[in-house]
Amino acid sequence: MYYTYIIRCEDKSLYTGMTNNLDRRINQHLSKSGSKYTKSHNAIKLEVAWKSKDKSLACKLEYHIKALNKQQKENLIAGEGLSTYLSRIVDCRRYKIVKLE
């Protein structure tokens, strides 16, 4: 299983990434051993994540989410479906939202 995720940083910015181990990767971001961006912007929480069956799908979703503007990403976090912005770009049925605890 692979995951594409959005993290909120202390300055309210959003970081999008992908991984095959969501818990480990989020802990890396939160402990400042993740990406260069989240080290300098201080990641504070995982906002939303989607799972997919293979790396190619996760990378494709990451790429297209990164191309969205901040308001569109905020709308995804608020519960708007991927199909709102990406229906003509990716097969949104291949991604399942991950329920966060």
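You'll find the structure just up there.
Described below are features of the structure shown in this document. Remember, it's a predicted structure, so these values are computed and weren't measured experimentally.

## Focus on the overall build of the protein chain
- Scanning the protein chain from terminus to terminus reveals five helices and four strands.
- From first element to last, N terminus to C terminus, the protein chain shows the α and β order β-β-α-α-β-α-α-α-β.
- The C-alpha atoms of the protein chain give a radius of gyration of 13 Å, which matches the 13 Å a tight globule of 101 residues would have.
- If you line up the protein chain on its principal axes, its C-alpha atoms span 35 × 30 × 25 Å.
- Looking at the protein chain as a whole, 47% of its 101 residues qualify as buried.
- Of the contacts formed within the protein chain by residues at least 6 apart in sequence, a portion of 60% connects residues at least 24 apart.
- Element-wise, carbon and sulfur atoms account for 46% of the exposed surface of the protein chain, whose accessible area totals about 6100 Å².
- Treating the 20 positive side-chain charges of the protein chain as one cloud and the 10 negative ones as another, the clouds have centres 4 Å apart.

## A look at the nonpolar core
- Counting residues in hydrophobic clusters, the biggest one holds 16 residues, and the most contacted among them are Trp50, Ile65, Leu82 and Leu86.
- Sort the elements by how many residues they give to this core and helix α3 (residues 55-66) lands first, with three residues.
- Here Ile65 is in contact with Thr4, Ile6, Thr16, Trp50, Lys73, Leu76, Leu82 and Leu86, once residues within four sequence places are set aside.
- Membership of the second largest hydrophobic core comes to nine residues, among which are Tyr3, Tyr5, Tyr15 and Ala49.

## A short note on the sheet that holds strand β1 (residues 2-9)
- Taken in spatial order, the four strands make up an open sheet running β2-β1-β3-β4, and their pairing is antiparallel. Every other strand in the sheet has two partners, leaving β2 (14-19) and β4 (96-97) as the edge strands with one partner each.
- In this sheet, β2 lies alongside β1 in antiparallel orientation, the contact comprising six bridges. Of the residues in β2, the one forming a bridge with Tyr3 is Thr19.

## Structural notes on the packing of aromatic side chains
- Scanning the model with the defined rule gives two aromatic pairs in all.
- Where Tyr5 meets Tyr15, the ring centres are 6.4 Å apart and the plane angle is 45 degrees; that geometry is what we call tilted. Here Tyr5, found in strand β1, pairs with Tyr15, found in strand β2; they are 10 residues apart in sequence, far enough to count as distant. This pair shows no difference in class: Tyr5 is buried, exactly as Tyr15 is.

Cut-offs used in this document
Residues numbered from 1 in each chain as written. Predicted model: local features only at pLDDT ≥ 70, side-chain atom pairs only at ≥ 80, totals over all residues. Heavy atoms only, no water. Helix = DSSP H or I, 4+ residues; strand = E, 2+ residues; numbered from the N terminus. Rg over C-alpha atoms; globule rule 2.2 N^0.38 Å. Buried < 20%, exposed > 50% of the residue type's maximum accessible area, 1.4 Å probe, protein only. Contact = heavy atoms within 4.5 Å. Areas by Shrake-Rupley, 256 points an atom, 1.4 Å probe, with all protein chains shown as cover. Lys, Arg positive; Asp, Glu negative; His and termini not counted. Charge placed at Lys NZ, Arg CZ, Asp CG, Glu CD. Core = buried A, V, L, I, M, F, W, Y, C linked by side-chain atoms within 4.5 Å. Pairing = 2+ DSSP bridges. Phe/Tyr/Trp six-rings, centres within 6.5 Å; stacked < 30°, edge-to-face > 60°.

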